[in-house]
Amino acid sequence: MRKAVFLLLGSVIALCLSGCGLKEEAVVPEFVLTYADNQPEDYPTVLGAQRFAELVKEQTGGKVVIQIKCGGEYGTEEEVLSQMEFGGIDFSRISLASISDELPKLNVLQLPYLYEDSEHMWRILDGEIGDEFLRLFKEKDLIGLSWYDAGARSFYSDTVPIRTPEDLKGLTVRVQNSRMVMDMVTLLGATPVTFAYSDVSYAFETGKIDAAENNWPAYQMLEHYRSAKYYTVDEHSRVPEVQLASGQTWRKLPEEYQEIIVQCAKESAFYEREIWADQEAESRSAAIEMGCREIRLTPDAQEKFRKIVQPLYEEYCGEYTELVRQIQAF
Ligand code: GCU
C-alpha cells in the first residue's frame with residue numbers, strides 16, 4: 001500500500017515538472033500587436049491574416065505576437081486608418097477604395113473595367129507597378145505590405161433585376177466611401193450613398209437602399225442576398241485589398257522583425273489568393289441555393305456599362321494616362 005502511494009506521488013511530481021514548463025522556458029513576447037479586418041472570421045482575408053500572424057510568431061520565435069480582430073471590431077476601415085496614424089492599431093487589411101480619396105493615385109488600380117480578368121490584375125500587382133503602389137502608402141505614414149484578392153465587384157438589387165445600365169436609373173445604391181466610385185454610380189444614372197460595410201443589410205431592410213455592389217463572398221457571407229436577390233455579373237471593377245502596417249509601429253520594430261513581417265505578409269497573400277478562388281465559387285453556389293437569381297449580361301449590355309464609365313479615366317486618372325495605358329497593355 002505504502003509503495004503504491006509513493007509511486008503515485010512520484011508520477012504526479014514528474015508530470016507536474018514536465019507539464020509546468022520547467023523544462024521549456026516560456027517565451028515572453030517583445031511585441032504584442034493589433035490587426036484589424038472588417039470581414040467575418042471565416043472570410044478569406046481573415047484566414048489570410050491568421051496565417052500571417054502564425055508565420056510571424058513562428059519566425060520570430062514567439063517574440064512578435066499579432067492579435068487579429070475581425071468583423072469590424074475596431075470600427076470601419078476609415079476609423080481603423082485614423083487609429084493607425086498614431087499607432088493605435090498596428091496592422092490592417094483594408095479595401096483600396098477606403099483610402100483612394102486620400103491617395104488619389106490609387107484610383108488607377110481600381111478604375112472600372114481596367115483589367116481583362118483576375119490574372120491580368122495579378123500580373124500588375126505582383127510586378128514592379130504593384131510594388132511601386134505599395135510604396136505610395138508611405139505618404140500617409142503607412143507601410144504597404146502585400147495585396148490580397150477581393151475578386152470582382154458587381155451590382156445586386158432587391159426588386160429590379162439589373163440587365164442594362166438603364167435599369168439602374170433612379171435606384172439608390174450603396175457604395176464604398178470613394179469619390180470615384182460614387183461618380184461611377186452617378187454616371188450610370190443611380191444615386192450613390194455611402195453606408196458602412198457593416199450596415200448594408202440594415203440599409204436594405206429599412207428601405208434606405210435598392211442596390212449595392214460587391215463580390216460573391218461578401219454578398220453571400222454577409223447575407224445581403226436575403227434582401228437583394230438579383231446579382232448581376234457585370235464585374236465593373238476589381239478593387240484589391242491591401243495589408244498595411246502603421247508607420248508609428250514600424251519604426252519601433254527592429255529591422256530583423258520588419259523583414260520577417262514583410263516576408264510573412266507576402267506568403268500569407270499567396271495563401272489568401274488560393275482560398276479566395278474556392279470561396280468565390282462556393283459563395284456563388286450557396287447564394288443561388290438560397291434563392292439568389294444570377295443575371296448574366298449580354299455582350300451589348302456589358303459594352304454599354306463599359307462606355308458609360310469611361311469619363312472616370314480622364315477625370316480621376318488624367319495625370320496618369322501613360323501608366324493606365326501601360327497597365328492595359330500589360
Ligand atoms: C469588400 C472589402 C471590404 C470592404 C467592402 C465594402 O468586401 O473586403 O473591406 O469594406 O468591400 O464594400 O465596404
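None of the values given here were measured: they were computed from a predicted structure.

Student: Can you help me understand the side chain of Glu213 in this one?
Tutor: By the secondary structure assignment, Glu213 is in strand E8 (residues 211-214). There is a polar contact of 2.7 Å between the side chain of Glu213 and the side chain of His236.

Student: For this particular structure, what's the right way to read the nonpolar core?
Tutor: Nonpolar side chains tend toward joint burial in soluble globular proteins. Phe137 and Trp147 are the most contacted members of the largest nonpolar core, which totals 56 residues. For Trp147, the residues in contact, after removing those within four places along its chain, are Leu96, Leu109, Trp122, Leu125, Gly130, Phe133, Leu134, Phe137, Pro240, Glu241, Val242 and Ala269.

Student: Can you help me understand the pairing of strand E4 (residues 142-148) in this one?
Tutor: Side chains on a regular strand alternate between the two faces of the sheet. Of all the seven residues making up E4, seven are buried; the element is thus mostly covered by neighbouring parts of the structure. Where E4 lies against strand E10 (residues 241-246), six bridges are found, and the strand directions are antiparallel. Bridge pairing in E10 places Ser146 opposite Gln243.

Student: Is there a simple way to think about helix H3 (residues 77-85) in this case?
Tutor: Three or four residues apart is the spacing at which side chains of an α-helix point the same way, because the helix has 3.6 residues per turn. Among the residues making up H3, those that are buried are Glu77, Val80, Leu81 and Met84. Taken down its axis, H3 places every buried residue within 100° of arc, on the same side. Contacts from the buried residues of H3 go to strand E1 (31-36), strand E3 (91-95), E4 and E10. Directly beyond the C-terminal end of H3, a positive phi value near 75° is found at Gly87.

Student: Is there a simple way to explain unusual backbone geometry in this structure?
Tutor: Excluding glycine, residues mostly carry a negative phi; peptide bonds, for their part, are mostly trans. In this model, Asp141 sits at a positive phi of 55°, which is unusual for a non-glycine residue. In this fold, Asp141 is placed in the loop between helix H5 (128-136) and E4. Although it is not a glycine, Glu235 sits at a positive phi angle of roughly 40°. Note on placement: Glu235 falls in strand E9 (residues 230-237).

Student: What exactly am I supposed to notice about the site of the ligand here?
Tutor: Around the ligand, a shell composed of 14 residues is seen, among which Glu77, Arg93, Arg153, Arg174 and Glu241 lie nearest. One of the side-chain N or O atoms of Asn38 is found 2.9 Å from an oxygen atom in the ligand. Here an oxygen atom of the ligand and a side-chain polar atom of Arg93 are 2.8 Å apart. Isolated, the ligand exposes 320 Å² of accessible area, and the fraction of that covered by the protein chains is 97%. Its residues placed into classes, the shell around the ligand shows three nonpolar, six polar and five charged.

Calculation notes
Residues numbered from 1 in each chain as written. Predicted model: local features only at pLDDT ≥ 70, side-chain atom pairs only at ≥ 80, totals over all residues. Heavy atoms only, no water. Helix = DSSP H or I, 4+ residues; strand = E, 2+ residues; numbered from the N terminus. Polar contact = N/O pair within 3.5 Å; in protein donor to acceptor, adjacent residues only side chain to side chain. Core = buried A, V, L, I, M, F, W, Y, C linked by side-chain atoms within 4.5 Å. Buried < 20%, exposed > 50% of the residue type's maximum accessible area, 1.4 Å probe, protein only. Contact = heavy atoms within 4.5 Å. Pairing = 2+ DSSP bridges. Arc of directions from axis to C-beta. Near = heavy atom within 4 Å. Areas by Shrake-Rupley, 256 points an atom, 1.4 Å probe, with all protein chains shown as cover. Nonpolar A, V, L, I, M, F, W, Y, C, P; charged D, E, K, R; others polar.

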